[in-house]
Amino acid sequence: MLSEANGSNGSIAGAGALLNILRDGQARTRAELVQLTGLARSTLAQRLDALLSQQWIIPTEEAISSGGRPAIAFTFNRTARVVLSADLGATHARVAVTDLGTTVLAERAAEVSIDRGPEETLGWLQRTFEEMLTETGHRPDEICGIGVGLPGPVEHSSGRPVNPPIMPGWDGFPVPEWLGSRLGAPVLVDNDVNIMALGEHWAARPESDHLIFVKIGTGIGCGIISDRRLHRGAQGAAGDIGHIRVASALGTVCRCGNVGCLEAVASGAAMAAKLSADGVEAEDSRDVVRLVRGGNTHAVQLIRQAGREVGDVLASIVNFFNPSVIVVGGDISEAGEQVLAGLREVIYSRSLPLATQHLTITASELGDRAGVIGAAVMVIEHVLAPGSVDRSVSAA
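In this text the structure is predicted, and so the values were computed from the model without any measurement.

S.K.: In this structure, what is going on with the side chain of serine 364? I would like to understand it.
M.R.: For serine 364, the position within the fold is in the loop between strand S15 (360-363) and helix H14 (370-383). Overall, the relative accessible area of 16% leaves serine 364 in the buried class. Of note is the side chain of serine 364, whose polar atom sits 3.2 Å from the backbone nitrogen of leucine 366.

Listed below in structure tokens is the structure:
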């Protein structure tokens, strides 16, 4: 039941909580909302008017009738604003425009190397967003927010990368300020694996309370969903499993500068380097997947072993965190059962029986789209939080 504040300002300030109820997409009449919230009709009317004025809700086209005069019902307006989202990887990027329900209105993928530096990369992103807005027929003032995923550690509170191993020139760069000032909208930035976890959970597995999303691509990392919420840790570094030391990597130097990291032996970049050293043409993780699909025995052996290496680290996490689902994404997941077989082999043999009793290990359902959907979810959940909506209607 919603609390009822005194005065018109208090009544309007509760509009965000009312919108939160209507976000499930179900149309409800004033009478139904009064019964559901316990609010007085006058208070409810003020909050509905505030939401209608900002177009967060709209009357349904067909009024609901219970035998007498039809009653107008209200529903969440998914088209009230648009969200710009970007998943920037080490070597390629995916960019999208979505509505407030994460329906993709326009989407692009491109080969973009993150090591070109922040201004060149973000300049490309700005131009791409502007082109896509024109393509979809939307104006800049319709943007409610911009979500960006980066392939390295990000301090979520500031949106700034922190010592990212594969992103020269990005350390401490003010991504939200740089992009936001040029596009005129608030910008949220996070690690790419975190937004993939958000996207997969939102779109494919909303029923899962505890989920681990593992990205195996140029690098390795994982996003943690705990009690249906993304867990970032104190500074945003939670889930950085790629730099956990493993026995098989002792003596191998990682790109982060340390020795013995999981990423140094099990990432797509590491496998491509091994294949190249053996005379097989492979520049990146996508080449590794291409070779596996083509039946290259060496590539198949490497990717199966990589699955075992990652599985060895995840077995400890399964015992510690006890997730119900492990979802595998990133370029290497496109190799299908080869990498999953290696993961399952080790996790099921090394984890406690109780922890694996109902554990599902599966490939991402969203594939390459997980990141852009997750970046949109990050923005939507921020913009439509009750407090944020209250501030937007109070300022109108």
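Next comes the rest of the description.
S.K.: Explain the packing of helix H2 (residues 15-22) against helix H3 (residues 30-37) here, please?
M.R.: Helix-helix packing is described using two parameters, namely the angle between the two axes and the distance between the axes. H3 packs onto H2 with a crossing angle of 110° between their chain directions and a minimal axis gap of 12 Å. With respect to their mutual orientation, H2 and H3 come out roughly perpendicular. Between H2 and H3, the contacting residues are Leu18, Ile21 and Leu22 on the first element and Leu33, Leu36 and Thr37 on the second. Residue composition of the contact of H2 with H3, by class: five nonpolar, one polar and no charged.

S.K.: How should I be thinking about the sheet that holds strand S12 (residues 220-226) in this particular structure?
M.R.: Sheets are built from strands that pair by backbone hydrogen bonding, the pairs being arranged parallel or antiparallel. In space, the five strands of this open sheet follow the order S13-S12-S11-S14-S15, with mixed pairing throughout. Two strands lie at the open edges of the sheet, namely strand S13 (229-231) and S15, each paired on one side alone. Within this sheet the neighbouring strands show an average axis-to-axis angle of 25°, counted without direction. The sheet contact formed by strand S11 (residues 210-216) and strand S14 (residues 325-329) spans five bridges and is parallel. Residue pairing for S14: isoleucine 212 is matched across the bridge by isoleucine 326. Against the sheet, helix H7 (residues 192-203) touches S11, S12, S13 and S14, its axis set at about 45° to S12. Sheet strands touched by helix H12 (residues 337-350): S11, S14 and S15. Its angle to S15, the strand with the most contacts, is close to 165°.

S.K.: Quick question: what am I supposed to make of the pairing of strand S6 (residues 104-111) here?
M.R.: Residues in a regular strand point their side chains to alternate faces of the sheet. By the bridge criterion, seven bridges tie strand S5 (residues 92-98) to S6 in an arrangement that is antiparallel. Following the sheet pairing, valine 97 is matched in S6 by alanine 106. Hairpin connection between S5 and S6: a loop of five residues separates the two successive antiparallel strands, and threonine 102 in this loop has a positive phi of roughly 70°.

S.K.: What is the right way to read helix H10 (residues 285-293) from this model?
M.R.: Since the α-helix turns once every 3.6 residues, residues separated by three or four places project in the same direction. Of all the residues in H10, the buried ones are Ser285, Asp287, Val288, Val289, Leu291 and Val292. Looking at the packing, one finds that the buried side of H10 touches helix H9 (268-277), helix H11 (297-321) and H12. Following H10 by one or two positions, glycine 295 has its phi on the positive side, about 85°.

Cut-offs used in this document
- Residues numbered from 1 in each chain as written.
- Predicted model: local features only at pLDDT ≥ 70, side-chain atom pairs only at ≥ 80, totals over all residues.
- Heavy atoms only, no water.
- Helix = DSSP H or I, 4+ residues; strand = E, 2+ residues; numbered from the N terminus.
- Buried < 20%, exposed > 50% of the residue type's maximum accessible area, 1.4 Å probe, protein only.
- Polar contact = N/O pair within 3.5 Å; in protein donor to acceptor, adjacent residues only side chain to side chain.
- Axes fitted to C-alpha atoms, helices over the stretch in contact; angles between N-to-C directions.
- Parallel < 35°, antiparallel > 145°, perpendicular 65-115°, else oblique.
- Contact = heavy atoms within 4.5 Å.
- Nonpolar A, V, L, I, M, F, W, Y, C, P; charged D, E, K, R; others polar.
- Pairing = 2+ DSSP bridges.

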